[in-house]
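Observations on chain architecture
Residue strings, one per chain:
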Amino acid sequence: MIEVEDLTVRFGGVVPIDAMTLELAAGTCGLIGPNGAGKTTFFNVLSGFVRPSTGRVRAFGEDLLAIPDFKRPRWGLRRTFQTEQAIAELSVFDNVLLVHEHTGGDRATRRGEVLKAVSFTGLSDVAHRLVGGLGAAQRRLVEVARAVVGRPRLILFDEPGAGLPDEETVRLGELIRQIPEETGALVVLVDHDMSLVSACCATTAVLDFGRLIAAGPTAEVLRNPHVVRAYLGTEEEV
Amino acid sequence: MPGLDDLKPFLVLGLALGGVFAMNGVGLVVLYRATGVLNLAYGAIATTGALISWSLLGGVNQWIAYAACVAFGGAVTLAYGLVFGPPFAARDPLVKATATIGLLLILLGVMLWVWPPSTTRTYILPTRLHYYEIADVRVNWTQILGMIFPVVVTAGTAVFLRVTKVGTAMRALADDREITAMLGVPVRRVEAAAWLGSGIVCGISGVLLGDLVGLDIVGVTFLIIPALAAALIGRLHSLWVTLAAGFVIGIVQSCLTAFTRVHIGARPLADYRTITPFVLAIVALLFFARRRPLVRT
Amino acid sequence: MTTDIHTVAADEVVPAAPVAPAGTARARPLRLAIVAGLIAFLLFGLPPLLDSYWMLVVTGAAIYSMVALGLGLLIGRVGMVSLCQVVLAAVGAWVALRLSYATSLPFPVLVLCAGFVTAAIGTLIGLPALRLSGLYLALITLMAAGAITIVLRAVLFPNGGGGFFGNSAAGGASSRMPRPSLAQTDAAYFRYCVVVAILMFLLAAWHVRRKPGRAWAAIRHSQATAISAGVNTVLYKLWAFALASFMAGVAGGLLAASAGGVSVQQFPVETSVTLLAVVLMGGVYSLWGAVVAAFLLRILPALLDDWGVSTELLTILFGIGVLQVLMTAPGGLADQVPKDLAKLGRRIGRVFSRREAAA
């Protein structure tokens, strides 16, 4: 359970997140909103790249903001970015190994756990190939493997399907749906692809201009007129 | 310990030299702010120009010879900016600065080849022949120019950046190149103006340095260090702080020449005086590091 | 310039390493055979061919390959530029000389001590700069290099004189450390240096293939990548700096015992800049780049000198090389030459297969 309390982020005159209060329950949660709504900024606060002006974040009862940024993965935080993060000159195995060895993974079971994460994402065949030689979909899967290796507790996916063709996105969605059961982690998914969000997420929260405007079961939220208006704008009667 | 009387001549020289450091520092900072390039070849450009002047002296009117140095500074800097500016525009400042090391080496090689260090070369600016006696110290016009020019250049640049269209565009560029371009500002032309301006300042400093310290190729090429130190103390941003820092470095370094009787180990303090810019720059950098959180990118 | 904390794009000095299209390690046995053959030639085939002047030159090249290796690791693996590598070698030489006059420790211990002290000094230099961007690190190393050079010029290298600095005017301008008993002759000492260099390369390879190398790859990709993988970026950057400084220190220790000894004139400011140029040209991604860099820095100038060609042209060439590498050939010569040779090999192969088809 993630409890966000009165979170505010200010960059000079811009306020990307404004007094946001939110609860994320177990399983897979969606986080949607128009561009600039503050979703990536929220992830950056969770990752430790951005310091909020006010507010608290409690993750599984612990104060997440008190943990130094590079120690959060060891605590159990994993994250993907909108841009590619897989390291081209390392192999798939080494990319995942990197995360395991820096997040307090047990050395005795290291190899097994890395291979397990690699096979979970279906990359066993190319485990020892350099990531630079793989296609875009497979490179995204490497990032998913990095997210699930070891003992993740909170996984943040930031538009994981961006730039992928539809079949790949569907496959990715099926994979993401299995993650909470496989790993016990809480997954938060940010994306613009509503079919992906509907397929994966039991609950969804909606941000607009840094504020939370709706939260609840995904199907209800997607029908909510405020949400529709935030995305499409309102009609003006002239 | 030397007294004030002993220090006075060094004070004057220090002000003049410091002035040139300051002027170069300001040239470096303006260019960095407008283009993101820290031009490490600055000293080499100035020295090459001065050597060109030296070669021309005797053959042509001396004013043309000195103007050649200024023109060379402007031309080479502008040419570099036009050719190597765009390809590196999107890259990290570290890469841009490293690229200027390429220019530095090219010029260094050319200088050592065309003007072999076997002979000492000097010239005397006409301004050195006129002097005043102030408080028992002889101050010649070259030194006065070394003190005044930087202040004029700094003030002029500050006004230029704030008041003129091109200057405002330069400040916008420093902030965000892409947005500035999208606003319709002719980015390439503004950058070219920054390169040219920086180069002309470099050329002027070359003329003055040739008179103030002589034409030792390697020595003058690496005179960029004090200018760099001044620019660093100004956080690569503030013109006036850079100016002040340049003067301070020049004065301290020059005055240390008088400390021949204070010793560190077996050597007099005076032998260590060229360490001044390094020490001041390191102290400044340490001070800035203290106040910043760990940079993310 | 704005520091965009959201940027996850790579910010290294040279773009990420060119990746082989097949994506797997290249033919290992062939490479090992070539390397073994080269080493055998260096150890046994080369020394008899050289006179004392050239022996000095190639010994210098072997030693400087370690300095270049350290810098190459910093730039290519971690994306950090240091302009004080050569000066740190001078520090290493200084420490080794000082210890050799003050104690009677065996030669390898002296060299190791030189390495460790230099590593400590290097770490001190790099430490404050970690909070600042890559450009500031480069500048702080430049400033440190200048400061140390000036101090060295003033105190000179120890030559057995009294006091902490250990220099006496009567001792002469250059000082030399006594060599280990099993490497007294110039040829033997050359072999000794080659063996130490090989050990350094093995040390580098160990780092690159294991945890530090992976952590550095993450750091080079971007700070955000490294942090979100749990990498302690400060620790690993310092480790890289310490390693590079250690190599420079060991190299300095070896220089102290080379024929002719060390003098302050051997470490001018320009050499640090030139080293950067040749390391970039040699290729910062492959460990072979350090070998190429040492060749460019020490052997090529001596060759040109022999042929009566002006070495200033080399400086100009290095300047052009820097610009070229940064703009177009990020892998440098160590990457480009094998590729060109492979291309040539394929062309020749095609000629033969065409002939067969025609026949």
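Just so it is clear, the structure is predicted and the values come from calculations on it, not from any experiment. (Residues numbered from 1 in each chain as written. Chains lettered and ligands numbered in written order. Predicted model: local features only at pLDDT ≥ 70, side-chain atom pairs only at ≥ 80, totals over all residues.)

Time to look at the overall build of chain C. For chain C, the count of helices and strands is 13 helices and zero strands. Traced from its N-terminal end to its C-terminal end, chain C shows the element sequence α-α-α-α-α-α-α-α-α-α-α-α-α. Going through the 359 residues of chain C one by one, you find that 50% of them count as buried. A fraction of 75% describes how many contacts in chain C between residues 6 or more apart in sequence connect residues 24 or more apart. (Helix = DSSP H or I, 4+ residues; strand = E, 2+ residues; numbered from the N terminus. Buried ≥ 20, exposed ≤ 12 C-beta atoms within 10 Å, placed from the backbone. Contact = placed C-beta atoms within 7 Å.)

For the rest of this paragraph, the subject is the overall build of chain A. Across its full length, chain A carries nine helices and ten strands. In summary, chain A has a C-alpha radius of gyration of 18 Å against a globular reference of 18 Å for 238 residues, a match within 12%. Considering only C-alpha atoms, chain A reaches an extent of 65 × 40 × 30 Å along its principal axes. (Rg over C-alpha atoms; globule rule 2.2 N^0.38 Å.)

So, on to the pairing of strand 4 (residues 54-59) of chain A. Put simply, side chains in a regular strand alternate between the two faces of the sheet. Residue and element names in this part refer to chain A. As paired elements, strand 1 (residues 2-11) and strand 4 share five bridges and run antiparallel to each other. Considered in strand 4, the bridge of E5 is made with R56. In the sheet, strand 4 pairs with strand 5 (residues 62-63) via two bridges, with the strands oriented antiparallel. Paired with A59 across the strands is E62, a residue of strand 5. (Pairing = 2+ DSSP bridges.)

Residues and elements named next belong to chain B. Its place among the elements puts L208 in helix 8 (residues 187-212). Once the C-alpha coordinates of L208 and A65 are considered, the two residues, 143 residues apart in sequence, prove to be 13 Å apart. Here L208 is in contact with V20, T142, L145 and G146, once residues within four sequence places are set aside.

Glancing now at the interface of chain C and chain B. Often the size quoted for an interface is simply the accessible area lost on bringing the parts together. With 47 residues of chain C at the contact, the number on the chain B side is 50 residues. Contributions of two or more residues to the side of chain C that touches chain B are made by helix 5 (134-155), helix 8 (223-228), helix 10 (269-282) and helix 12 (312-327) of chain C. Sorting elements by how many residues they give to the side of chain C that touches chain B places helix 5 of chain C first, with 13 residues. For the side of chain C that touches chain B, the class distribution of residues is 31 nonpolar, eleven polar and five charged. (Nonpolar A, V, L, I, M, F, W, Y, C, P; charged D, E, K, R; others polar.)

Okay, the sheet that holds strand 1 of chain A next. Pairing between sheet strands relies on hydrogen bonds along the backbone, with the strands arranged either parallel or antiparallel. Residues and elements named next belong to chain A. Taken in spatial order, the four strands make up an open sheet running 2-1-4-5, and their pairing is antiparallel. Looking at the sheet topology across the chains shown, the edges are occupied by strand 2 (14-24) and strand 5. Relative to strand 2, strand 1 runs antiparallel, the two sharing six bridges. Its bridge partner lying in strand 2, F11 is registered against V14.

In this assembly, 29 residues from chain A lie in contact with 26 residues from chain C. Going through the elements one at a time, helix 1 (39-47), helix 2 (72-75) and helix 3 (92-102) of chain A are the ones with two or more residues in the side of chain A that touches chain C. With six residues, helix 3 of chain A is the largest single contributor of residues to the side of chain A that touches chain C. Of the residues contributing to the side of chain A that touches chain C, the split by class is twelve nonpolar, ten polar and seven charged.

Once that is clear, we can look at the nonpolar core. Across soluble globular proteins, you tend to see nonpolar side chains buried next to one another. Of all hydrophobic cores here, the largest spans 293 residues; its most connected members are V67, A68, M247 and A251 of chain C. Ranked by residue count, the leading element in this core is helix 1 (residues 4-35) of chain B, at 18 residues. Taken domain by domain, the makeup of this core includes at least three residues from each of domain 1 (1-76 + 152-238) and domain 2 (84-151) of chain A. Not counting the four nearest positions on each side in its chain, A251 of chain C is found in contact with I63, Y64, M66, V67, A89 and G92 of chain C. (Core = buried A, V, L, I, M, F, W, Y, C linked by C-beta atoms within 7 Å. Domains from an automatic or database assignment.)

Here the focus is the sheet that holds strand 6 (residues 77-79) of chain A. Residue and element names in this part refer to chain A. What the six strands build is an open sheet, ordered 6-7-8-3-9-10; its pairing is mixed. Here the strands that pair on one side only, and so sit at the sheet edges, are strand 6 and strand 10 (211-217). Averaged over all pairs of adjacent strands, the angle between strand axes in this sheet comes to 15°, irrespective of strand direction. Both strand 3 (residues 28-32) and strand 8 (residues 186-190) contribute to a ladder of four bridges, which runs parallel. What sits directly across from C29, in strand 8, is V188. (Axes fitted to C-alpha atoms, helices over the stretch in contact; angles between N-to-C directions.)

Time to look at the domain arrangement of chain A. Residue and element names in this part refer to chain A. Splitting chain A by domain gives domain 1 (1-76 + 152-238) and domain 2 (84-151). Centre-to-centre, using C-alpha coordinates, domain 1 lies 24 Å away from domain 2. Of the residues lining the interface, 14 residues belong to domain 1; the matching set on domain 2 comes to 14 residues. Contributions of two or more residues to the side of domain 1 that touches domain 2 are made by helix 2 and helix 6 (166-183). The element best represented in the side of domain 1 that touches domain 2 is helix 6, accounting for six residues.

Residue and element names in this part refer to chain A. Helix 4 (residues 110-120) packs onto helix 3 with a crossing angle of 125° between their chain directions and a minimal axis gap of 9 Å. By the criterion of interaxial angle, the relationship of helix 3 to helix 4 is oblique. Crossing of helix 3 against helix 4: the hand is right-handed. Along its contact with helix 3, which presents V92, F93, V96, L97, H100 and E101, the element helix 4 presents R110, E113, V114, A117 and V118. When its residues are assigned to classes, the contact of helix 3 with helix 4 shows seven nonpolar, one polar and three charged. (Parallel < 35°, antiparallel > 145°, perpendicular 65-115°, else oblique. Left-handed = near helix turned anticlockwise from the far one by under 90°.)

The topology assignment puts V153 of chain B in helix 5 (residues 141-163). Distance in space between the C-alpha atoms of V153 of chain B and G85 of chain B is 24 Å, their sequence separation being 68 residues.

If you check helix 9 (residues 233-256) of chain C, its first and last C-alpha atoms are 35 Å apart, about what 24 residues at 1.5 Å a residue would give, namely 34 Å. Buried residues dominate helix 9 of chain C, accounting for 20 of its 24 residues. (Expected span 1.5 Å × (residues − 1).)

Next up on the list: unusual backbone geometry. Of note, F60 of chain A is a non-glycine position whose phi angle comes to about 50°, a positive value. Structurally, F60 of chain A is set in the loop between strand 4 and strand 5. Backbone geometry places L236 of chain B, a non-glycine residue, at a positive phi of 55°. Secondary-structure assignment places L236 of chain B in the loop between helix 10 (224-233) and helix 11 (239-255).

Now for the pairing of strand 7 (residues 154-158) of chain A. Residue and element names in this part refer to chain A. By the criterion of burial, strand 7 is predominantly enclosed, with five of the five residues buried. Residue alternation in strand 7 divides its side chains into two sets, L154, L156 and D158 and I155 and F157, and both sets are buried. For strand 6 and strand 7, the ladder comprises three bridges, and the chain directions are parallel. Across the sheet, R79 pairs through a bridge with L156, a residue of strand 7.

Attention shifts here to the confidence of the model for chain A. Do not read the fine detail of predicted coordinates wherever pLDDT is low. Mean pLDDT for chain A: 89, with 97% of residues reaching 70 or above. At the level of individual helices and strands, chain A shows its lowest average pLDDT in helix 9 (residues 225-232) of chain A, which scores 79, and its highest in helix 3 of chain A, which scores 95. (pLDDT = per-residue confidence, 0-100.)

All names here are of chain C. Of all residues in chain C, 81% attain a pLDDT of 70 or more, and the chain-wide mean is 83. Confidence, read as mean pLDDT per element, is least for helix 13 (residues 332-358) in chain C (66) and greatest for helix 9 (94). In this model, residues 1-12 is a region of pLDDT below 50 whose contacts with residues beyond four sequence positions or in other chains number 33 contacts. In the model, residues 18-25 has pLDDT below 50 throughout and makes 16 contacts with residues more than four positions away in sequence or in other chains. Across the predicted assembly, pTM comes out at 0.87 and ipTM at 0.89.

With that out of the way, let us pick up the environment of I144 of chain B. Along the polypeptide, I144 of chain B turns up in helix 5. In sequence terms I144 of chain B and L57 of chain B are 87 residues apart; their C-alpha atoms lie 23 Å from each other.

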